Amino acid sequence: MNFIKKLVVLILFCNASLYAQKTVSGVVTDENGTVLPGVNVIEKGTNNGAVSDFDGVYKLETANDAILVFSFLGFQSQEVSVASKTTIDVTLQNDQQALDEVVVIGYGAVDRDKISSSISTVEGEELTKITASNPAESLQGKAAGVQVLSGGGNPGASPQILIRGVTSNNGTSPLIVLDGVPQPQGTSLNLLNPADIKNFQILKDASASAIYGSRASNGVVLITTKRGKEGKTIINLDFSQGYQRLEKINLAGADEYIQVMNLRRTNDGSAPLYNAEDFTADTDWWEETIENFAPVTNFNLRASGGSDKVKYAASMSYFNQESNYTKGYYEKITARFNVDFKLSDKITLKQDLNPRIENFGNSPNLLYSILRIDPLTDVYLPQNERVGNSFSIYAPSNNQVPNPVGSVARLFNETKFFALISNTQLNYEITPELTFNSQLGLNINHSRQDIFNPTYFTTPNQQQEINNVSRRVNENFDYVFNNTINYTQDFGKHYVNLLGGVLFDSQTFNYVSAFREDIPDDENPDLRYLDAATGEGISVGGNEAVETIFSGIFRGIYSYDNRYFFTGTIRADESSKFAKGNRLGVFPSVSVAWDIDSESFFDVDFISNLRLKAGYGQIGNQNINRNGQFFAIGTGNYVFGGDRVVTNFLSQFGNPGLKWETVEDKNFGLTATLFDNALDFSVEYYQKTSKDLLFNVELPNYTGIPGLVSQNVGSFESKGWDIQVGYNKTWGDFKMDLNVNVSTNESRAVELAPGNEQLFGQNRSDLGNRFIKITELGERVGLFYGFETDGIFQNQTEINAHSSETGQLIQPNAQPGDLKFVDTNNDGLLNDNDLTTIGNPFPDFYGGFTGNFSYKNLDLSMQWYGTYGNEVFNYTRTFINAGTQDVNVGAGTLGRVWTPENPNAEFPRLTLLDRNGNYQRPSSLFIEDASYLRLRNIQIGYNFNIPNFQKLRVFVSGQNLLTLSEYSGFDPEVGAGGDIINDFGVDYARYPVSKTYLLGLNLTF
């Protein structure tokens, strides 16, 4: 009996021990160490649970053998066994699939799985890995179908964004939409601090962008900024400091320069130009003008937090970039304040303010002069030859190229820019399904440019007799007033999302400019104002213009059983740029998608998602001269009978019949997710065709109509493929995230203006007054134009053999060592009828690779970008190995040019007279393959675990450290200037992209 009692007591004791309760507590954070309030902590298999507080702290009574489940929206759920532990700190991992569930689209947001259009997303975290003045630089290589064309290395330079090729000759920039507010055409993304951006959504096809109608023909970039979240105040501080460095360009020194100049003449039977004993100077103009280290500084401070009634986010940033020249800088100060007020259970008010200041100071672009000025010239005049002020002490060159050191010293050109963007949104939830939204966006900017040109004298051909000062002030005001109503409802297997709205956009532009001569003192900066000038040379100007668009929109999204999806939109725009009767443009679109994996017949274990989609739509372009519809009167000055006579004349013939350009867009795509969501894949084919293309057409002389007249004629077609592959995987403490995208594009001229089967660009007087760019009917746009070459004549026999059927020499002035030009039309003559396309600046394909790796506290990221099959018109080849006009040449030129001893040289013989026109015609000699692969960024960081800091990370990074290319110029990433069709791919020795080395710090507390 005693044994039985003891056994019962033992069993009860064991059971009591088994079900004993204890307290478990800890802190929940994300991967960056930021505390997470509101995390659900549940004892698995029970209703027992807790929620983490504002500090991420939780506390829970559990059984000894309990398993705790931690879950939070946007993060992967995690299970932890309690065992003997009483303190359990948990780090939740981002669930990228969950984070991507809601996507911002035009005038709203929707679950990603409801989208049937072509939209690419780039998260803000990726943008901050590159230190740059413009967030667009970080977009390069991040999204398929999106080209970011470099603006060069000049401080504050803005790259251009090109989405799926060229469909218009009236601008190619996409529409920028900031937190729902469309920005004025040509807006630079310099307006934003990259650290404030939550993500980019890039609308690539018409079914996505038609909701923006008349301004969306070049695609749309939607930018969403970061907002405050409920919880305690979180402070982020990011700082980086580094320097930029240009690779030195090796030019000929005095000895080689003299040899080249003399050989140019002796090859033509003339006497040498220089005697080496007459010169003592051997100036390295690169060293005199270029700084090896140009500092770059980036600082950002951000605070966010709030309650259930008020949420806020505030940031301030400072960016400074010095020029690699001895003068020049770019400085930007931005601030952003976002506040969300919950006025009631149904009404929410959001207010955003974004002020910024930008200063551009005296940034030169003198690489062209540095390459060409002779090394025999001293930097400064001898003391006994100096006449006048300090701006006159610089020696004139022997070959008439401006002294670059003097040019920098005399450069006074500063621009100060201020802007304020305000965005006010009122959201009224009429019912849980029906919501009204009203938005007022204001964009005010003011810029002032001051230029001073001092007096100086070095030679009669290089002087400024009277100094002058000028100022230009621009003030622009844009306001957008959007009112939309949105209805969303689920009916069993049916999902409906309807949006309607009325929108108004008004832009006002005005400027005032003034110029005056004769400031009393060149040296005193306090006198460089218009009021201080006393000369008679004076001019003033000013004007104002207003553009408005009034629009109505409707969009319907429908899905059935989460398998079949349909989206339809229609937008009607009225624009003041067109005359009455043609102002209205209507832009419809439709897209469908089919989730094949949701079908009962589909049973493939390793494929978790498989979607087929297609879309069609029309979008517009109104980017023409606002005065194209009007007739204009011009003023002229003539001398008649010794007196000045002012006349008026018809300077522009208006066309009130102008109407919208329209782009028809077709898109077909397939997306898939495989291997438990580790691999995602998408491929899309698109075709965009513009019609009623706006051209400026020159009418026949017999019409008596002067100048060019805007007309709706012509059509462009752009088509290609976008392919994107992503892979992410975790092995214990090691994580890897890879993304590759490749795109192709072909843009052709389908129809041009009547009687004009060719459009020309870039006329060069030094190349025989010929054009070097052509857009030809049926061919790709913006091709290079010139003469084909077929090697170098090695002897007189080859020259004689290059003749017509009658034996007439095609190149009678040629000598051994000269270029052989191709008689493309086989008429036995070499003239402009032999001009043909000689190259293509647009790549066969382009793409990027991004890799993010981490192991415990160590992380590594890298970004590559490249193009293949594109060519560059290397204009520097017109002189860099020829000494044309006695300019300097590249080091080693004597070994690169043809001589009887060097018959396999790439460049023709040295000649002063150049009777064969080796360097006086645009030709394939100047065309180079500019394919390249560039390491845009590499960054290594380490996270320290330090009390009182949620995050303390130190990193080092390098930008543009490695470029793999066969291009002989300074940078294969040649930009587009202002006109992609006519400027892209022509290298005039612009400021190249520099290598950047940075050390940085990320703090969160």
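Rules and cut-offs
Residues numbered from 1 in each chain as written. Predicted model: local features only at pLDDT ≥ 70, side-chain atom pairs only at ≥ 80, totals over all residues. Heavy atoms only, no water. Pairing = 2+ DSSP bridges. Helix = DSSP H or I, 4+ residues; strand = E, 2+ residues; numbered from the N terminus. Axes fitted to C-alpha atoms, helices over the stretch in contact; angles between N-to-C directions. Phe/Tyr/Trp six-rings, centres within 6.5 Å; stacked < 30°, edge-to-face > 60°. Buried < 20%, exposed > 50% of the residue type's maximum accessible area, 1.4 Å probe, protein only. Lys NZ or Arg CZ within 6 Å of the ring centre and 35° of its normal. Patch = residues over 30% accessible without salt bridge, like charges linked within 9 Å, V, L, I, M, F, W, Y side chains within 5 Å. Areas by Shrake-Rupley, 256 points an atom, 1.4 Å probe, with all protein chains shown as cover. Salt bridge = Lys/Arg side-chain N within 4 Å of Asp/Glu carboxyl O.

Spatial strand order, 41-42-43-46: four strands in an open sheet with antiparallel pairing. With one partner strand each, in any of the chains shown, strand 41 (758-764) and strand 46 (836-839) form the two edges of the open sheet. Recorded for the sheet is a direction-independent mean angle of 40° between the axes of neighbouring strands. In terms of strand pairing, strand 42 (residues 770-776) meets strand 43 (residues 783-786) through two bridges, oriented antiparallel. Directly across from Lys773, in strand 43, lies its bridge partner Phe784.

This part covers the packing of aromatic side chains. In this structure the tally under the stated criterion is 32 aromatic pairs. Where Tyr479 meets Phe504, the ring centres are 5.8 Å apart and the plane angle is 45°; that geometry is what we call tilted. Taken together, the positions of Tyr479 in strand 26 (residues 468-491) and Phe504 in strand 27 (residues 494-517) put the pair 25 residues apart, joining distant regions of the chain. Residue Phe504 is classed as partly exposed on the basis of its relative accessible area, which comes to 25%. Plain terms: the ring middles of Tyr875 and Tyr988 are 5.1 Å apart, the flat faces sit at 55° to each other, and that makes the pair tilted. Of the two residues, Tyr875 sits in the loop between strand 49 (871-874) and strand 50 (927-929) while Tyr988 sits in the loop between strand 53 (986-987) and strand 54 (995-1004), which places them 113 residues apart along the sequence. Assessed through its relative accessible area of 27%, Tyr988 is described here as partly exposed. Taken together, the ring pairs in this structure connect Tyr368, Tyr875, Phe879 and Tyr988 into an aromatic cluster. Taking NZ or CZ as reference, Lys327 lies 4.4 Å from the ring centre of Phe412, over its face.

It is worth spelling out a nonpolar patch on the surface at this point. Taken together, the side chains of Leu858, Ile940, Tyr942, Phe944, Ile946, Phe949, Val954, Val956, Leu999 and Phe1005 make up a nonpolar region of the molecular surface, amounting to roughly 820 Å² of accessible area. Elements with a contribution of two residues or more to the nonpolar patch: strand 51 (932-943) and strand 52 (951-965). Mapped onto the fold, Ile940 is located in strand 51.

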